[in-house]
Amino acid sequence: TYFTIDKNIYSLFPYITAKTFDHKKDTPTPTIIKSIATNLALMHKLSKKKFPKISENQLSEWDPKRVLSKTTRDNFNSDVQKIFEALNKKHKKNTFDKLATTLLKLKVSLIDSVPKKFAVSSLGKKHIVHGDYHAQNVFLDDKDEVSHVFDLEKSDIRPRSLELARSMFIICFNGYFDAERFRFAKIYLDTYNAIYPIKKSELEHALRFMYYKHLLN
């Protein structure tokens, strides 16, 4: 069911009995990881051959030309300058101020490694993607398998490698990079590849682009 208000489209879905997995607090299990990866591969595979002509206006957030543009860099440099000016005005810096200054200087130095151009073709073929696929946007049944997917308002057309890389990073790592987390990532990718294989180079470029995007945010 959907309806419109002021030209915006809204939808309602029926109440269901299910559970969610909070990747910010809970540690995923192999069953959950496999099910979420399986569902993503099946969704991507639906647009393997073709997809309907829909607007690509939402692509700007992940458009390499926009992400790596001079405007984005100028905005970043402007924001950094304002933060440095605010920090320099403080006569007595606390621990947070000192840490912020150090990290900001490090980020500025890393920006120099970000290329001004990025080959979009290296990311692979475009597909219809969920747009914000992670554990908190799916419902799980009693067997810890995906039963429903929701929050599709960011769905758009982009290379599937970007969604695969982002979802893997959120679900499997979430800021932790120990051996167990890398094992989770391997399970995620192996499960996805068993259903809808993706080139290793496409995933590598997607991870690299995602790193550049986060640096410039």
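Structural data are supplied above this passage.
Counting from 1, residues in each chain are numbered in the order their sequence is written. Given that the model is predicted, a residue must reach a pLDDT of at least 70 before its local features are reported, and side-chain atom pairs must reach 80 or more before they are shown or counted; all residues, however, enter totals for whole chains, interfaces and linings. No hydrogens and no water enter the side-chain calculation; it runs on all heavy atoms of the structure.

Student: Explain the overall build of the protein to me, and be specific about the residues and the numbers.
Tutor: Helical segments are the DSSP runs of H or I of at least four residues, strand segments are the runs of E of at least two, and each set is numbered from the N terminus. Scanning the protein from terminus to terminus reveals seven helices and six strands. Dimensions of the protein, computed from C-alpha atoms along their principal axes, come out at roughly 55 × 40 × 40 Å. Counting every position in the protein, which comprises 217 residues, the buried fraction comes to 39%. Surface accessibility of the protein: about 13900 Å² in total, with carbon and sulfur atoms responsible for 56%. Charge counting follows a simple rule: Lys and Arg are positive, Asp and Glu are negative, and His as well as the terminal groups are ignored. The atom standing in for a charge is NZ when the residue is Lys, CZ when it is Arg, CG when it is Asp and CD when it is Glu. Here the protein holds 38 positive side-chain charges and 25 negative ones, and the gap between their average locations is 6 Å. Accessible area is worked out with a 1.4 Å probe on protein chains only. A residue is then buried under 20% of its type maximum, exposed over 50%, and partly exposed in between. Every accessible area reported is derived by Shrake-Rupley at a probe size of 1.4 Å, with residue values counting cover from the shown protein chains alone.

Student: An account of the side chain of E202 is needed here, citing residue identities and associated values.
Tutor: Tracing the backbone through its elements, the reader meets E202 in helix α7 (residues 200-215). Comment: no salt bridge for buried E202; closest opposite-charge side chain is K199, at 4.6 Å. Residue contacts are counted whenever heavy atoms from the two residues lie within 4.5 Å of one another. Among residues more than four places away in sequence, those in contact with E202 are S122, L123, G124 and S161. For this analysis, a salt bridge means a side-chain nitrogen from Lys or Arg found within 4 Å of a carboxyl oxygen belonging to Asp or Glu.

Student: Lay out unusual backbone geometry in plain terms, naming residues and giving numbers.
Tutor: Backbone geometry places D144, a non-glycine residue, at a positive phi of 65 degrees. Phi angles above zero are rare outside glycine, and N174 is one such case at about 50 degrees. With respect to the element layout, N174 can be found in the loop between α5 (160-173) and α6 (179-195). You can call N174 partly exposed: its relative accessible area is 26%.

Student: Explain the packing of helix α1 (residues 30-45) against α5 residue by residue, including any values.
Tutor: Helix packing geometry: the angle between the two helix axes and the distance between the axes. In the contact formed by α1 and α5, the axes pass within 12 Å of each other and the chain directions differ by 165 degrees. On the basis of their axis angle, the class for α1 and α5 is roughly antiparallel. Seen from above, α1 lies across α5 with right-handed handedness. Residues I33, I36, L40 and H44 of α1 lie in contact with α5, whose contacting residues are R160, E163, L164, S167, I171 and C172. Amino acid classes used here: Ala, Val, Leu, Ile, Met, Phe, Trp, Tyr, Cys and Pro are nonpolar; Asp, Glu, Lys and Arg are charged; the rest, including Gly, are polar. A per-class count over the contact of α1 with α5 returns six nonpolar, two polar and two charged. For helices, the fitted axis covers only the stretch in contact; all axes are lines through C-alpha atoms, and the angles between them, taken along N-to-C directions, range from 0 to 180 degrees. Put simply, angles under 35 degrees are roughly parallel, angles over 145 are roughly antiparallel, angles from 65 to 115 are roughly perpendicular, and the rest are oblique. For any pair of crossing helices, the crossing counts as left-handed if the nearer helix is rotated counterclockwise from the farther one by less than a right angle, and right-handed if it is rotated clockwise.

From the geometry alone we can't say anything about function, so treat these as descriptive.
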